[in-house]
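The residues making up each chain are set out below.
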Amino acid sequence: MSLDEPKISRPIIRQLDEAAINRIAAGEVVERPASAVKELVENALDAGATRILVEVAQGGKALIRVTDDGCGMTPADLPLALSRHATSKIDGTDLLNIRSFGFRGEALPSLGAVGRLRITSRVAGLEAHEIRVTGGALSPIRPAALSRGTVVELRDLFFATPARLKFLRSDRAEMQAITDVIRRLAMAEPAVGFTLKDMTEGERVILRVDPETGDIWQALTARLSALIGADFVENAMRIDAEREGLRLTGLAGLPTYSRGAAVAQYIFVNGRPVRDKQLFGALRAGYMDVLARDRHPAAALFVDCPPDRVDVNVHPAKSEVRFRDPAAVRSLIVSGLRHGLMQDGQRAASTVGDGLLAAFRPEGPAPTSTPLPPRVYQMDRPSQSSLIRARDWQSPQLAEDSTPWTPSARVDAGAPAPEETSRPLGAARAQLHENYIIAQTETGMVIVDAHAAHERLVYERLKRQMDENGIARQALLIPEIVTLGADADRLLSHADDLAALGLVIEPFGPGTIAVRETPALLGSVAVEPLLRDILDEIDDLGRSEALRARLDAILSRVACHGSVRTGRRMSAEEMNALLREMEATPKSGQCNHGRPTFVTLAMSDIERLFGRS
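So, how was this worked out
Residues numbered from 1 in each chain as written. Predicted model: local features only at pLDDT ≥ 70, side-chain atom pairs only at ≥ 80, totals over all residues. Heavy atoms only, no water. Buried < 20%, exposed > 50% of the residue type's maximum accessible area, 1.4 Å probe, protein only. Helix = DSSP H or I, 4+ residues; strand = E, 2+ residues; numbered from the N terminus. Pairing = 2+ DSSP bridges. Axes fitted to C-alpha atoms, helices over the stretch in contact; angles between N-to-C directions. Contact = heavy atoms within 4.5 Å. Polar contact = N/O pair within 3.5 Å; in protein donor to acceptor, adjacent residues only side chain to side chain. Parallel < 35°, antiparallel > 145°, perpendicular 65-115°, else oblique. Left-handed = near helix turned anticlockwise from the far one by under 90°. Nonpolar A, V, L, I, M, F, W, Y, C, P; charged D, E, K, R; others polar. Expected span 1.5 Å × (residues − 1). Core = buried A, V, L, I, M, F, W, Y, C linked by side-chain atoms within 4.5 Å. Phe/Tyr/Trp six-rings, centres within 6.5 Å; stacked < 30°, edge-to-face > 60°. Lys NZ or Arg CZ within 6 Å of the ring centre and 35° of its normal.

(A) Just the pairing of strand β23 (residues 512-519), in detail. Taken across its eight residues, β23 has six buried, putting it largely inside the fold. As paired strands, strand β22 (residues 504-507) and β23 are joined by four bridges and run antiparallel to one another. Bridge pairing in β23 places proline 507 opposite isoleucine 513. Connecting the antiparallel pair β22 and β23 is a turn made up of four residues, with glycine 509 showing a positive phi of about 90 degrees.

Written out as structure tokens, the structure reads:
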């Protein structure tokens, strides 16, 4: 098109009809079948349901049916529930005092606009009625049979907008997304029972959890054990922190119970599951110096605050929130996790010991083509041949004929004092391969990686010294000038925090920053890439840990080179001194790279290895 051609005629503004409006709204609220399940289950929870049954077929594309035992709706409420922006959750006078899952009144009319929807409901003391809507067209209300609560059935999702079906994934992927939605809502409501069934071919139960009883911690622990796993609960720290009207509770996994991907991270705000990147960034920051970069923590955290301090009306699916003071929330999460690590960081995950037990295999003959029968342990009465072999082994001729050998272990021959074995890490009894310390406890034994343990101890000592004495700065002979454009003002707003870490910046004209001092520990540093890394983290998380992470990384390398090296023989006094310092040092259960520093084996585990139990 050339500049000489006439301009396009003025467009005409038109009022869309109700069906088009609802389909557009459905595009925002209902991205996929899991979105529809989320909206319907949240409605059931808002209705006070104690048991919720979700039935789906073909990944929710053919059928979604949600049955609850909530308060129900009257016949007069049914058509109103299918009207846009009709809701019983709020009265519209205060949009910052939202205490329910839903509040917009968009879900049901949006679902009715893109699928075949039927709602059957009954209020106590009245008869049940149902209403149907197909592609936005309502049918008359008619009597129905239902004992209590509400049944919402959605069939042929997106039949009215077939183009949307092309963007859905496979039935299996959509089923996994639905399962994840139910799992998150079940974590948020431990007092409610949930059942998820796949009705594609017959009836198959995918997930079932009964209502939990007891106090909130007992109920939450039982529900998380059922949904995430008993291993998670066993290897998690209890988090309970409060500050300025904000409260953080939940369970966070030990660093040695980390995962290869961020698949076991759940955060809730006032009971609502959210996927807020700043909150997950705060979770990651809480584990900053105890996990390797390719490992991810497991956690289920609950943030509670007054409703007027958080805005849940910032995302169509309500999966993101905005806090009035996001820095306070982030600080609460980071400090709460670090306090928990200070308290429980001396523990190592029990799964590490389980992995060690699984690595042990009883001796046997070389594998053959035919499978061998399972090994049978006869512990009560030794056979005659066993007695003969034992006699021969103990005979003097064996010592005379055997070839010399050099032990790779140092053994403490003296019996440990009872007060030493009663300590958490027990008393050192031997050193294997000039690195691994074997310690005896009252209930079993502990195997310690001396190099990894001493590395953590030195690292914590260096960090403590840096915090107490401050971070030494080096003044640049010629200040380095960095042009950041519009980002300069945002970085300057964090100048005080950066100065506390040894990086001194000043304004130097529009969009330009002068760097006058840098942390001496970094030595010669490329300033501009460092500033841009800090800016990227501020954009992503609201603040930056990049500089602190670099300083800690240098301290970690110094600690690694300054710790006990593999191959050094240690005396009993040195080994016991290391164990005692580990017991007194926070986060000593894992090295600087997130690997465990010790493994615990109970006496029952050891006896099981030898067939004694």
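(B) Structural view of the pairing of strand β11 (residues 246-253). Among the eight residues in β11, seven count as buried, and that is most of the element. Here strand β10 (residues 236-243) runs beside β11; their pairing, made up of eight bridges, is antiparallel. In the strand pairing of β11, glutamate 242 is matched with arginine 247. Linkage of β10 to β11, two consecutive antiparallel strands, is achieved through a turn of two residues, within which glutamate 244 is found at a positive phi near 50 degrees.

(C) Examining the sheet that holds β11 more closely. Reading across the sheet, the five strands line up as β10-β11-β14-β12-β13 and stay open at both edges, with mixed pairing between neighbours. On the outer flanks of this sheet lie β10 and β13 (272-274), each paired with one strand and no other. Strand-to-strand twist in this sheet, taken as the mean axis angle between neighbours without regard to direction, amounts to 20 degrees. Across six bridges, β11 lies against strand β14 (residues 299-304) in antiparallel orientation. The residue of β14 that forms the bridge with leucine 251 is alanine 300. The sheet strands contacting helix α6 (residues 216-227) are β10, β11 and β14, and the helix crosses β11 at an angle near 40 degrees.

(D) Highlighting the side chain of arginine 456. Structurally, the position occupied by arginine 456 is in helix α14 (residues 450-469). Of note is the side chain of arginine 456, whose polar atom sits 2.5 Å from the side chain of glutamate 460. Excluding its chain neighbours within four sequence positions, the residues that come into contact with arginine 456 are Asp289, Val290, Lys587, Ser588, Gln590, Cys591 and Asn592.

(E) Molecular detail of the packing of helix α2 (residues 33-46) against helix α5 (residues 171-188). At a minimum axis separation of 8 Å, α2 and α5 run at an interaxial angle of 25 degrees. What the angle tells us is that α2 and α5 run roughly parallel. When the axes of α2 and α5 are compared, the crossing they make is right-handed. Note on element contacts: α5 touches α2 through Glu174, Ala177, Ile178, Val181, Ile182 and Leu185, opposite Pro33, Ala34, Val37, Lys38, Val41, Glu42 and Leu45. Partitioning the contact of α2 with α5 into residue classes produces ten nonpolar, no polar and three charged.

(F) Spatial organisation of the environment of valine 448. Locating valine 448 in the fold gives a position in strand β20 (residues 444-449). Considered as a pair, valine 448 and isoleucine 437 are eleven residues apart in the sequence and their alpha carbons are 5.0 Å apart. Those residues within four positions of valine 448 in sequence are excluded, and the remaining contacts are Asn435, Tyr436, Ile437, Ala453, Leu579, Met582, Thr597 and Phe598.

(G) Region of the structure containing the side chain of threonine 512. Along the chain, the position of threonine 512 falls in strand β23. Judged by its relative accessible area of 11%, threonine 512 is buried. Those residues in contact with threonine 512 that sit more than four places away from it in its chain are Ile481, Val482, Thr483, Ala488, Glu506 and Pro507.

(H) Quick peek at helix α19 (residues 572-584). Given a rise of 1.5 Å per residue, 13 residues ought to cover 18 Å, and the 19 Å separating the end C-alpha atoms of α19 matches this to within 8%. Listed in full, the buried residues belonging to α19 are Ala572, Met575, Asn576, Leu578, Leu579, Arg580, Met582 and Glu583. Buried residues along α19 sit in contact with β18 (427-432), β19 (436-440), β20, α14 and β24 (598-602).

(I) Region of the structure containing the nonpolar core. Judged by nonpolar contacts, the single largest core of 60 residues is most densely connected at Val41, Ile52, Val54, Ile119, Ile182 and Phe194. Ranked by the residues each element gives to this core, the list is headed by α5, at nine residues. Not counting residues up to four positions away in its chain, the partners in contact with isoleucine 182 are Val37, Val41, Val54, Phe194, Leu196 and Leu207. Formed by 33 residues, the second largest nonpolar core is a distinct cluster that contains Leu254, Leu279, Val310 and Val321.

(J) The packing of aromatic side chains, seen in detail. Counted according to the given criterion, the structure contains two aromatic pairs. Pairing phenylalanine 232 with tyrosine 257 gives two aromatic rings, centres 6.3 Å apart and planes at 45 degrees, and the pair type is tilted. One end of the pair, phenylalanine 232, is in helix α7 (residues 230-234); the other, tyrosine 257, is in the loop between β11 and β12 (265-269), and 25 residues separate them in sequence. Residues phenylalanine 232 and tyrosine 257 agree in their burial class; the two are buried. Ring centres of phenylalanine 268 and phenylalanine 302 lie 4.5 Å apart, and the angle between their planes is 10 degrees; this geometry places the pair in the stacked category. Of the two residues, phenylalanine 268 sits in strand β12 while phenylalanine 302 sits in strand β14, which places them 34 residues apart along the sequence. Judged by its relative accessible area of 1%, phenylalanine 268 is buried. The ring of phenylalanine 159 is capped by arginine 116, whose NZ or CZ atom sits 3.9 Å from the centre of that ring.

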